[in-house]
Amino acid sequence: MEKLRKQQSWYWRTFFICLGLAAALFLPHCIIDASQGDFFHYAGDFNDQMIPFYQYTNAFVKQGGTFSWATDLGSGFVNSYSYYALGSPFFWLTILLPSRWIPWLMAPMMCLKFAVAGSGAYLWLRRWSKDQRMAVLAGCLYAFCGFNVYNIFFYFFLDAPAIFPYLLASLDDTAIDGKKGRFPVWVAICLLNNYFFFAGQAVFLLLYFICMWAARRYPVTLKRFGILALETTIGCLAGSLLLIPTILSLLQNPRTIDPFTGYGYLVYGNSQQYLAILYSMFLAPDAPYLNDMFNGGILKWTSMSAYLPVVGIAAGLAFCRKRRRHPFTILLKICLVCALVPGLNSLFYALNSSYYARWYYMPLLVLCGATAMALQDETANLWGANRLVAIFTLSAAAFALVPNTDEDGNFILGVVDNQARFWAIFGISVLGVVLFALILRFFRYTRHYFPVLMAAVLGFSFLYGTVHISISKYAQWYNDAEYVQQTYREADEVNAVLPEDTFYRLDAYNCYNNMGIWLDKSCIQFFHSTVAPHILEFYPTVGVTRDVNSKPEFDLYGLRGLLSVRYTLVPKSDQTSWENLSLKGWNLAQTTTSYQIYENENWVPMGFGYEYYMTQEQFEKIDEELRGNALMRAVLLTDQQIETYGDLLKPIGDEELESLDYASYVKDCNDRRAMGVTSFTATASGFTAVTDYDQSTLVFFSVPYDDGFSATANGQEADIEKVDNGLMAIRVPGGHAEIAFEYRTPGLTTGMMLSLSGLALYAVYLFILMLSPRQTP
């Protein structure tokens, strides 16, 4: 478009406006934390996962390696952290800085993400906005929309909304202006950034393309369609580095294979889900872990927010009413239908039945485009649309005012979870509607219209953002009071009193999540979504629920021996409650500033042999809470494995599996210790061990089975067996034997070759474009 080429770009103006507002939003909270000597910390996942994961990933990348021992029972590094950080351009910006700085950089990096999101939205919106000032305004609306403010909690969820506008702008450039060479770059970046979000982006881009083509906004000839297809292919190839390993891992992960059945495709199981989706467009978002209006449906942690500050959906609604055949209108209607139909909603995350609304940022970007166009259209019925928005917003008060009774039958007012929080969010939302109404009433047809509207959006974004951050952060203030001290500050002190001469695992009682990551040691209490898939297979068979957490109950003492747990960290404030558990076999060994560290007298070092095996049938007859004890007595083998290794082990009788009390557990631990390897060393790419048995022995290691492992015994390739429903064992010869397990990320070489092929194709493509005088690379 000639007009677009002549317009002065306000990209950097938008960038610095958003950067300044984000800095103003976070600065007061950073100052409050700094007054305690702490870095900015928030709540929930931000503290438990984002801060330690990014510090750990930064350090691991620099030291090199393929296998992360600090990730649960041990997991492949690439597969575990490609979802969180490894493909993010924002992560790689921090790689030159020391890993110890990362917690202090989290807030500045979020400011950068808000700035990139807002300026990217402007870059896309300026094509569709006659008034570039409104494109700047809409960019700010997108940067500080409810979805993005909500997802401060998840930190890395902000990466996709920040990058996506550039992908959409490059698609427009190619399809409308015939500009070539940009689209593959952004396809590759988005795919590398996060495969989960890219799956939704691919679906949305297809819908966007169809709507634009059907409305003849895209003058796509067969030749131009072929170019788009070619550039898409090049971009996907170039961005496949992490995709192939991820796919191979996810295919084995039971959390990702969870399809709908029957009515699940068509309707949500709870009617409140529909109300929550509806009101997410009118009310500022709740804290991710709090839901005040609705206690049914799947709402917590789902990123459900379609809120825009001040203007809400009013301008977008006015646009859709007036321009019913515009592709933005059609697309927004399609997205609304998708949000209301579970099967269609799940299209944006590979048809998984787990509910998420983590694709809302894409229709929100289009809504911002429609908003910019409506705000500058003097004939658009903004007043009527805002009146309708006001009615829906005010109707939310009914949830706090309806008669109700509590669990004891006493009269209470309302169905909201917390009246104070509800009225704060409600009041802020109503203020936004009132502000927009006042601006329309007194400034719409004056020269002050834009500056007043801009000031209102920026000021209100600061206000509602502050309220949201305060509710989310300070509701956890006392719970997180010792967070920095007990994790970041104390990690070195804890490591200093723990021995480093041999491998062992930790347990953590009432500690902050992911202490293992802070200490760079394997810990059986672990909070992480993409660990080695066979961890998720093993734990449920021994009485441990494993969804996003590994949290074996403390009465499952048999697992502590099986998994080589040597120490338990207990905060001093919880020492009494720990001792009240009356757990046998634990003795106070060390003390630090914040922790009492107890040692397991029944610790069994990693790597040991058995005299007996049990069958799956025998295993399933044992109560789940005693299966860990049973696995200390006999290894669980399949029928085929029994045929192969029956000469090394004896079958255990049913009567020998009846006595699984603590006394017999102590004896079993002693027996396993007596059959232990002579040494075990964990490495950055697997582990080594030395054995000295009288005869050939099947040696068990409590390491998750993974196709990426290969093993040798005395230099000879050895078969790795999956035993105990997800862990590993290997046959070693009698006499002195040196065992080596090497981990190579499955599919990484293939992904690398595909990426290199994509880059080579892109280089050839650019060269061809350079040879053509009419093309603009």
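Preceding this paragraph is the structure being described.
Residues numbered from 1 in each chain as written. Predicted model: local features only at pLDDT ≥ 70, side-chain atom pairs only at ≥ 80, totals over all residues. Heavy atoms only, no water.

1. Description of the overall build of the protein chain
Within the protein chain, the secondary structure is distributed over 33 helices and 22 strands. For 777 residues, the compact-globule formula gives about 28 Å, and the C-alpha radius of gyration of the protein chain, at 29 Å, lands near that figure. Considering only C-alpha atoms, the protein chain reaches an extent of 90 × 75 × 50 Å along its principal axes. Within the protein chain, the proportion of its 777 residues that are buried is 59%. Counting every atom, the protein chain has about 30800 Å² of accessible surface; 60% of that belongs to carbon and sulfur. One finds the centroid of the 53 positive side-chain charges in the protein chain at a distance of 22 Å from the centroid of its 64 negative side-chain charges. (Helix = DSSP H or I, 4+ residues; strand = E, 2+ residues; numbered from the N terminus. Rg over C-alpha atoms; globule rule 2.2 N^0.38 Å. Buried < 20%, exposed > 50% of the residue type's maximum accessible area, 1.4 Å probe, protein only. Areas by Shrake-Rupley, 256 points an atom, 1.4 Å probe, with all protein chains shown as cover. Lys, Arg positive; Asp, Glu negative; His and termini not counted. Charge placed at Lys NZ, Arg CZ, Asp CG, Glu CD.)

2. Let's talk about the environment of S129
Structurally, the position occupied by S129 is in the loop between helix 6 (102–125) and helix 7 (132–143). Residue classification places S129 among the buried residues on the basis of a relative accessible area of 2%. Along the backbone, S129 and M373 are 244 residues apart, and their C-alpha atoms lie at a distance of 5.7 Å. Within polar-contact distance, the side chain of S129 engages the backbone oxygen of D131 at 2.6 Å. (Polar contact = N/O pair within 3.5 Å; in protein donor to acceptor, adjacent residues only side chain to side chain.)

3. So, the sheet that holds strand 17 (residues 697–704)
With antiparallel pairing, four strands are arranged side by side in an open sheet as 11-17-21-20. In this open sheet, the two strands that pair with only one neighbour each are strand 11 (608–609) and strand 20 (720–723). With two bridges joining them, strand 11 and strand 17 adopt antiparallel strand pairing. By the bridge assignment, G609 is partnered in strand 17 with V699. (Pairing = 2+ DSSP bridges.)

4. Quick notes on the sheet that holds strand 18 (residues 709–713)
Strand order in this open sheet of five strands is 15-16-22-18-19, and the pairing throughout is antiparallel. Two strands close off the open sheet at either side, each with one partner strand: strand 15 (679–683) and strand 19 (716–718). On average, each strand axis in the sheet is tilted by 25° relative to the strand beside it, whichever way the strands run. Sheet topology note: the strand 18/strand 19 ladder contains three bridges and is antiparallel. Bridging across to strand 19, A711 finds its partner in A718. (Axes fitted to C-alpha atoms, helices over the stretch in contact; angles between N-to-C directions.)

5. As for the pattern of salt bridges
Inspection of the entire model under this criterion finds 19 salt bridges. Put simply, R421 and D292 hold a salt bridge, and the shortest N to O gap is 2.9 Å. Here R421, found in helix 21 (residues 419–443), pairs with D292, found in the loop between helix 14 (272–279) and helix 15 (314–322); they are 129 residues apart in sequence, far enough to count as distant. A relative accessible area of 2% places D292 in the buried class. Of the charged contacts in the structure, one is a salt bridge between K667 and D671, with a shortest N-O distance of 3.0 Å. (Salt bridge = Lys/Arg side-chain N within 4 Å of Asp/Glu carboxyl O.)

6. Notes on the side chain of S346
Along the chain, S346 turns up in the loop between helix 17 (342–345) and helix 18 (361–375). If we skip the residues at most four places from it in the chain, S346 touches F260, L351 and N352. (Contact = heavy atoms within 4.5 Å.)

7. Some points on a negative patch on the surface
There is a patch of like negative charges on the surface, built from E553, D555, D623, E624 and E625. Turning to its location among the elements, E625 is positioned in the loop between helix 29 (616–621) and helix 30 (627–633). Here E625 falls in the partly exposed class, since its relative accessible area comes to 48%. (Patch = residues over 30% accessible without salt bridge, like charges linked within 9 Å, V, L, I, M, F, W, Y side chains within 5 Å.)

8. Digging into helix 16 (residues 327–340)
Spanning 14 residues, helix 16 covers 20 Å between terminal C-alpha atoms, matching the ideal 20 Å at 1.5 Å per step. For helix 16, the set of buried residues is P327, F328, T329, L331, L332, C335, C338 and A339. As for helix 16, its buried residues are in contact with helix 6, helix 11 (195–214), helix 14, helix 15, helix 17 and helix 18. (Expected span 1.5 Å × (residues − 1).)

9. Some remarks on helix 2 (residues 11–34)
Taking 1.5 Å per residue, 24 residues should reach 34 Å; helix 2 reaches 33 Å between its end C-alpha atoms and fits that length. In helix 2, a bend of some 35° at L27 exceeds every other bend along the element, and P28, a proline, comes one to four places later. Here helix 2 has its buried residues at Y11, T14, F15, C18, L21, A22, L25, F26, H29 and D33. Of the surrounding secondary structure, the elements contacted by the buried residues of helix 2 are helix 6, helix 7, helix 9 (159–177) and helix 22 (449–474). (Bend = angle between axes of the 7 residues up to and from the residue.)

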